[in-house]
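A look at the structure
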Amino acid sequence: MGTDPALIDKLGALAAHVVEEALASGLSWDQAITAFGIASKAIAAQAATQGNGTLEQCTAHAQERLKIGMEQSADVLKAWLR
């Protein structure tokens with residue numbers, strides 16, 4: 001993820017927004033996680049249409065980035081969530 005404060009701020013803001021939307025959606029946490037996977041694949045598909053690789057390459061990259069995200073601490077979100 002790096003140490004760039006501006007990037008960390010953007011990632012935290014987006015993640016907090018996603019968490020708030022997931023909590024307000026009425027979905028179970030399990031269903032919300034499934035939705036995040038679907039959204040990740042949709043973002044990968046868009047990246048592929050923009051020339052960032054094949055759908056398979058972009059999907060594999062998205063899966064790797066999701067794993068990296070899971071390794072990060074959620075403590076950064078405490079500042080964003082009310």
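Above this note sits the structure.
Residues numbered from 1 in each chain as written. Predicted model: local features only at pLDDT ≥ 70, side-chain atom pairs only at ≥ 80, totals over all residues. Heavy atoms only, no water.

Each helix and strand in the chain was counted, giving three helices and zero strands. In sequence order, the secondary structure elements of the chain are arranged as α-α-α. Residue burial in the chain is summarised as follows: out of 82 residues, 15% are buried. If you sum the accessible surface of the chain, you get close to 6,400 Å²; carbon and sulfur atoms cover 62% of it. (Helix = DSSP H or I, 4+ residues; strand = E, 2+ residues; numbered from the N terminus. Buried < 20%, exposed > 50% of the residue type's maximum accessible area, 1.4 Å probe, protein only. Areas by Shrake-Rupley, 256 points an atom, 1.4 Å probe, with all protein chains shown as cover.)

What follows is about a nonpolar patch on the surface. Taken together, the side chains of W29, I33 and F36 present a nonpolar region at the surface, about 360 Å² in accessible area. Along the chain, I33 turns up in helix 2 (residues 29-49). Taking the relative accessible area as the measure of exposure, I33 reaches 46% and is therefore partly exposed. (Patch = residues over 30% accessible without salt bridge, like charges linked within 9 Å, V, L, I, M, F, W, Y side chains within 5 Å. Salt bridge = Lys/Arg side-chain N within 4 Å of Asp/Glu carboxyl O.)

Turning our eyes to something else, we now look at the nonpolar core. Core analysis: the biggest nonpolar cluster contains five residues, these being A44, A47, A48, C58 and A62. At the level of secondary structure, the elements contributing two or more residues to this core comprise helix 2 and helix 3 (55-70). A total of three residues in this core trace back to one element, the largest contributor, which is helix 2. The residues touching A44, leaving out its near neighbours within four places in the chain, are L55, C58, T59 and A62. (Core = buried A, V, L, I, M, F, W, Y, C linked by side-chain atoms within 4.5 Å. Contact = heavy atoms within 4.5 Å.)

With that settled, the discussion passes to the side chain of S40. One can find S40 in helix 2. Leave out the neighbours within four places in its chain, and S40 touches A62 and L66.

This paragraph deals with helix 3. Taking 1.5 Å of rise per residue, the 16 residues of helix 3 would be expected to cover 22 Å, and the 22 Å separating its terminal C-alpha atoms lies within 8% of that figure. By the burial criterion, the buried members of helix 3 are C58, T59 and A62. Projected down its long axis, helix 3 carries its buried residues within an arc of 100°, all on one side. In helix 3, the exposed positions that point more than 90 degrees away from the buried face belong to E56, H61 and K67. Contacts made by the buried residues of helix 3 are with helix 2. (Expected span 1.5 Å × (residues − 1). Arc of directions from axis to C-beta.)

The next point concerns helix 1 (residues 5-24). With 20 residues, helix 1 ought to run about 28 Å at 1.5 Å a step, and its terminal C-alpha atoms sit 28 Å apart, in line with that. Every buried residue of helix 1 is accounted for by G12, A16 and A22. One face of helix 1 carries all of its buried residues, which in axial projection span an arc of 125°. Facing away from the buried side of helix 1, by more than 90 degrees, are the exposed residues K10, L14 and A24.

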